[in-house]
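# What the coordinates show
So you can see what is in the structure, the chains are spelled out below.
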Amino acid sequence: VFKGCFLALPATKVKAYDRPVVREYTPFHAIIHFGHIENNYVNNSAGCAIGIPSRFREKHIVDVRPCPPELQGRGGTVTVAQGSLGLKIVTAYFQPKPSTTLTGSARKVALSNWSKSCKMLAGWLNEEIKNTPNRYQLVLAMDANTSFGKGAAPQDDIHVGSFAHGSVNETGKLLYKL
């Protein structure tokens, strides 16, 4: 039913918009941009978009939702339905940890804002996942700037074999909780 190329574009650098959702039409896709604003939790590297194949008409796009206003540009969802079947596409962008070139109070504030934005975005993602109807397929597309790496697992790790979490950064830990 859902043949075609769906595009999810986390971390698409787009201009800031005065509204949270802007639609653009190309010959092959309806592109739904979740433009960014500038605040303590969003910088100009934000901006996500989801592309819906043009064979789906506007009537098939049943829900378009940006993430909360304070995180505008960090994510959004588009739900496409045809008959009783649905597809919910969620895109999200977790910004990288602030640069180590910042020092003193500037670094402390930047780290605090970064941590809060990651937790708010993970909370929003969790709600979107929880509120997806069972009959819908869920597609997550993220630029998580995260590490789920190979590495030595702690001796008291409950995993066996190569299934250990290995080395994980802060955003990786948040995503394990989803």
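This write-up is about the structure you can find in this document. Bear in mind that the values here come from a model prediction, so they are computed numbers and not experimental data. (Residues numbered from 1 in each chain as written. Predicted model: local features only at pLDDT ≥ 70, side-chain atom pairs only at ≥ 80, totals over all residues. Heavy atoms only, no water.)

### Quick word on the overall build of the protein
Selection criterion: Secondary structure is summarised from DSSP: a helix means a run of H or I of at least four residues, a strand means a run of E of at least two, and numbering begins at the N terminus for each. Only protein chains enter the accessibility calculation, which uses a 1.4 Å probe. A residue is then buried if its area is under 20% of the maximum for its type, exposed if over 50%, and partly exposed in between. Any pair of residues with heavy atoms lying within 4.5 Å of one another is described as a contacting pair. Each accessible area is a Shrake-Rupley estimate made with a 1.4 Å probe; only the visible protein chains count as cover when residues are assessed.
Looking only at helices and strands, one finds two helices and ten strands in the protein. Relative to its full complement of 178 residues, the protein shows a buried share of 37%. The long-range fraction of contacts in the protein, counting pairs at least 24 apart against all pairs at least 6 apart in sequence, stands at 63%. Within the structure as shown, the protein displays about 10000 Å² of accessible surface, and the carbon and sulfur contribution to it stands at 55%.

### Things to note about the nonpolar core
What counts is decided by this rule: Each nonpolar core is a collection of buried residues, namely Ala, Val, Leu, Ile, Met, Phe, Trp, Tyr and Cys, held together in the definition by side-chain atoms within 4.5 Å.
One finds A92, F94, C118, L121, W124, L125 and L175 to be the most contacted residues of the largest nonpolar core, which totals 14 residues. Ranked by residue count, the leading element in this core is helix α1 (residues 104–130), at six residues.

### Quick look at a nonpolar patch on the surface
Note the following rule: Within this analysis, patches are made of residues with over 30% relative accessible area and no salt bridge. Like charges are joined at 9 Å or less; nonpolar side chains (Val, Leu, Ile, Met, Phe, Trp, Tyr) at 5 Å or less. Basic side-chain nitrogens of Lys or Arg form a salt bridge, by our definition, when they fall within 4 Å of a carboxyl oxygen of Asp or Glu.
Together, L138, L140 and M142 give the surface a local cluster of nonpolar side chains, amounting to about 210 Å² of exposed area. Residue L138 is classed as partly exposed on the basis of its relative accessible area, which comes to 31%.

### Here's the deal with the sheet that holds strand β6 (residues 75–82)
For clarity, the threshold we go by: Here a strand pair is declared whenever DSSP counts at least two bridges between the two strands. For helices, the axis comes from a line fit to the C-alpha atoms of the stretch in contact; other axes are also lines fit to C-alpha atoms, and the angle between any two N-to-C directions lies between 0 and 180 degrees.
Taken together, the four strands give an open sheet; going across it, the order is β5-β6-β7-β8, and neighbouring strands pair in mixed fashion. Single-partner strands in this sheet number two, and they are β5 (61–66) and β8 (136–143). Ignoring which end each strand starts from, the neighbouring axes of this sheet average 10° apart. Looking at chain direction, β5 and β6 are connected through five bridges and run antiparallel. By the bridge assignment, I61 is partnered in β6 with V80. Here α1 sits on the sheet and contacts β5, β6, β7 (85–93) and β8; the angle it forms with β7, its principal contact strand, is near 175°.

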